Amino acid sequence: MMFTKTLGLAALFTTIASALPQDSMVRRAGMVRRDGGGVTITNNLQQDVYAWSVAGDVGPMETIKAGGGTYAENWRTNPNGGGISIKLALDPNQHDVLQFEYTEAGDTIFWDMSCIDMKPGDNKFTEFGFAVIPSDETSTCPKAICKAGDKACSAAYLQPYDDHATHGCPINTALELALGQA
């Protein structure tokens, strides 16, 4: 009988918790990790950047305002077992997409930057550069910096098999991706 009462209380708490407002991370498809790791994207460009977090499904479009706007996401897992891709574009139609991609593997977060879906040549992301830097400068997590104008940056995927551009960090690492001024 005690088990039944305990189970009933657990169900009640679950129902109440599900009715409470949830943050945007929880509403998206995928399980959110709550151990301090994640990515913050800062838009230093002089135009808005549009972002979509993609797991099994494409999340809602977010606008990262020009001149310092930010978007943050805690590490989360993809319900289908694949990775997560945060797609960044300079127009809401997802043309010339720069991607920040990550996958959890136990206590490690593997991540990369991908330029594969960007039009070669004239693109604001490569024109003004981008950089991924761990927020803890003493971290063993590597940086990935593509300087302004570097259209052949080895720190990002340019071809599907550029596996040298994948990095691994402790799961609680916070990364900062700056768009522009790299």
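Our subject in this report is the structure included herewith. Keep in mind that this is a model prediction, so the values were computed, not measured.

1. Regarding the side chain of Asn 78
Link 1 in the chain: Its location among the elements puts Asn 78 in the loop between strand S6 (76-77) and strand S7 (84-89).
Link 2 in the chain: Within the structure, Asn 78 has its side chain in polar contact with the backbone nitrogen of Asn 80 (distance 3.0 Å).
Link 3 in the chain: Sequence-distant contacts of Asn 78, defined by excluding residues within four places in its chain, comprise Ala 55, Gly 56, Gly 83 and Ile 84.

2. Things to note about the nonpolar core
Where a protein is soluble and globular, its nonpolar side chains tend to be buried together.
Link 1 in the chain: If you look at the biggest cluster of nonpolar residues, it comprises 35 residues, and the most contacted ones within it are Leu 88, Phe 100, Phe 125, Phe 130 and Leu 177.
Link 2 in the chain: Of all hydrophobic cores here, the second largest spans 5 residues; its members include Tyr 50, Trp 52, Val 54 and Val 97.

3. Here we look at the sheet that holds strand S2 (residues 38-43)
Link 1 in the chain: The 5 strands are arranged S5-S2-S13-S10-S11 in an open sheet whose pairing can be described as mixed. If you trace the sheet from one side to the other, it starts and ends with strand S5 (69-74) and strand S11 (144-146), each paired once. The mean inter-strand angle of the sheet, taken between neighbouring strand axes irrespective of direction, is 15 degrees.
Link 2 in the chain: The pairing of S2 with strand S13 (residues 174-179) spans 6 bridges and is classified as parallel. Residue pairing for S13: Thr 40 is matched across the bridge by Glu 176.

4. Thoughts on the pattern of salt bridges
Link 1 in the chain: Counted under the stated rule, the structure contains 3 salt bridges.
Link 2 in the chain: Across the salt bridge formed by Arg 76 and Glu 73, the nearest N and O atoms sit 3.2 Å from each other. This pair shows no difference in class: Arg 76 is buried, exactly as Glu 73 is.
Link 3 in the chain: Ionic pairing is found between Lys 124 and Glu 127, a salt bridge with its closest N-O pair at 3.8 Å.

So, how was this worked out
- Residues numbered from 1 in each chain as written.
- Predicted model: local features only at pLDDT ≥ 70, side-chain atom pairs only at ≥ 80, totals over all residues.
- Heavy atoms only, no water.
- Helix = DSSP H or I, 4+ residues; strand = E, 2+ residues; numbered from the N terminus.
- Polar contact = N/O pair within 3.5 Å; in protein donor to acceptor, adjacent residues only side chain to side chain.
- Contact = heavy atoms within 4.5 Å.
- Core = buried A, V, L, I, M, F, W, Y, C linked by side-chain atoms within 4.5 Å.
- Buried < 20%, exposed > 50% of the residue type's maximum accessible area, 1.4 Å probe, protein only.
- Pairing = 2+ DSSP bridges.
- Axes fitted to C-alpha atoms, helices over the stretch in contact; angles between N-to-C directions.
- Salt bridge = Lys/Arg side-chain N within 4 Å of Asp/Glu carboxyl O.

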